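Letter by letter, the chains look like this.
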Amino acid sequence: MQILDERIERYALEHTTPQPPPMAALEELTHAQLENPQMLSGPVIGRLLELLVHATQAKLVLEIGTYAGYSTLAMAAGLPPGGRILTCELSPAHAQFAAAQFAASRHSEQIELLVGPALQTIQTLPGPFDFVFIDAEKSGYPDYLHAVIDKLSPHGLIAADNTLYHGALLEAPAEEDHSARALSDFNEMLAKDENLAVVMLTVRDGLTLIRRR
C-alpha cells in the first residue's frame, strides 16, 4: 500500500535539502550491490535524522540496524564536536559493506560498528544515549525499546522507523505476518504507556518519536 501520493513524496523530496554527492553515491551503490535496497532510509529520512541529532545536540547516538550505513552517516553529519555513533548490525555482510562506507567518509573517527545481536550488544553499553534510532528486525522493536529506555539521557530521544509498515496496520495483521503483528503490538504499547510521550510521523513509512515523560 502506498501511504502517501507519489506526487506528495516527490514534492517533499524536491523541497528537502539535497543529499550530498557521497550520500547519493551510497544510495546508488546500495541498489547495485545489496538485497532489499528499499530498506535504505533515503534522503528525506536521512535529513530528518540529521536534523534531530543536531537539534538534540546528541553526544552519544545508538543505532540499532546499520544495513548499508546510510542513516549512520546521515546522523553523523548532525553530531556536535566530540559526538559519537555506536551502530549495531547483525549481518556480517551488511556490516562489511557499511564499514567500507564509514572508512571512506569524513566521519570515520566518530562511528563505531558493533557486529552481533543488538540486544546482547546493548547490554554491554552503559550509555547514556542522547538519541537512539531503531530500524532493525521489526519483531524486536519492543525488546529494543525496553533495552534502551533506562539508558537514555534526561533529554534523550528515540526514533523508531517503519511504524506505519506500508499502511498494513490499518487492519488487523495476518497471523503469518510476524513483522506487522509485532509493529502493531509495539504501536499499541507506546500509545498506552503513560510514562512515554510519543508522536507518530507519517513521513515515508512512518517514524515514531519517543521520550520519557
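Residues numbered from 1 in each chain as written. Predicted model: local features only at pLDDT ≥ 70, side-chain atom pairs only at ≥ 80, totals over all residues. Heavy atoms only, no water.

## Comments concerning the overall build of the chain
Consideration 1: Within the chain, the regular secondary structure consists of eight helices and seven strands.
Consideration 2: The globule rule puts the C-alpha radius of gyration for 213 residues at 17 Å, and the 16 Å found for the chain is close to it.
Consideration 3: When its C-alpha atoms are laid out on the principal axes, the chain stretches across 45 × 40 × 30 Å.
Consideration 4: Among the 213 residues that make up the chain, the fraction classed as buried is 49%.
Consideration 5: Taking all contacts inside the chain whose residues are at least 6 apart in sequence as the whole, residues at least 24 apart take part in 71%.
Consideration 6: Carbon and sulfur atoms form 54% of the exposed surface of the chain, whose accessible area is close to 11,100 Å².
Consideration 7: With 14 positive and 27 negative side-chain charges, the chain shows a spacing of 8 Å between the two charge centroids. (Helix = DSSP H or I, 4+ residues; strand = E, 2+ residues; numbered from the N terminus. Rg over C-alpha atoms; globule rule 2.2 N^0.38 Å. Buried < 20%, exposed > 50% of the residue type's maximum accessible area, 1.4 Å probe, protein only. Contact = heavy atoms within 4.5 Å. Areas by Shrake-Rupley, 256 points an atom, 1.4 Å probe, with all protein chains shown as cover. Lys, Arg positive; Asp, Glu negative; His and termini not counted. Charge placed at Lys NZ, Arg CZ, Asp CG, Glu CD.)

## Comments concerning the pairing of strand β1 (residues 60–64)
Consideration 1: Taken across its five residues, β1 has five buried, putting it largely inside the fold.
Consideration 2: In the sheet, β1 pairs with strand β2 (residues 84–89) via five bridges, with the strands oriented parallel. Note on β2: the bridge partner recorded for I64 is C88.
Consideration 3: Running through helix α4 (residues 70–76), the crossover from β1 to the neighbouring parallel element β2 is right-handed.
Consideration 4: Pairing analysis gives four bridges linking β1 to strand β4 (residues 129–134), with the strands arranged parallel. Within β4, the residue paired with L62 across the bridge is V132. (Pairing = 2+ DSSP bridges. Right-handed = clockwise from strand over helix to strand, strands pointing away.)

## A closer look at helix α7 (residues 141–149)
Consideration 1: When α7 is considered as a whole, its buried residues turn out to be Y141, P142, Y144, L145, V148 and I149. All buried residues of α7 fall inside an arc of 160 degrees around its axis, so they share one side. (Arc of directions from axis to C-beta.)

## Some words on the sheet that holds strand β5 (residues 152–161)
Consideration 1: Across the sheet, which stays open at both edges, the seven strands sit in the order β3-β2-β1-β4-β5-β7-β6 with mixed pairing between neighbours. Lying at the two open borders of the sheet, with one neighbouring strand each, are β3 (111–115) and β6 (196–201). Within this sheet the neighbouring strands show an average axis-to-axis angle of 15 degrees, counted without direction.
Consideration 2: One ladder, built from four bridges, connects β5 with strand β7 (residues 207–212); its direction is antiparallel. Opposite I158, over in β7, you have I210 as the bridge partner.
Consideration 3: Its contacts with the sheet put helix α3 (residues 42–56) on β1, β4, β5, β6 and β7, and the angle it makes with β4 is roughly 165 degrees. (Axes fitted to C-alpha atoms, helices over the stretch in contact; angles between N-to-C directions.)

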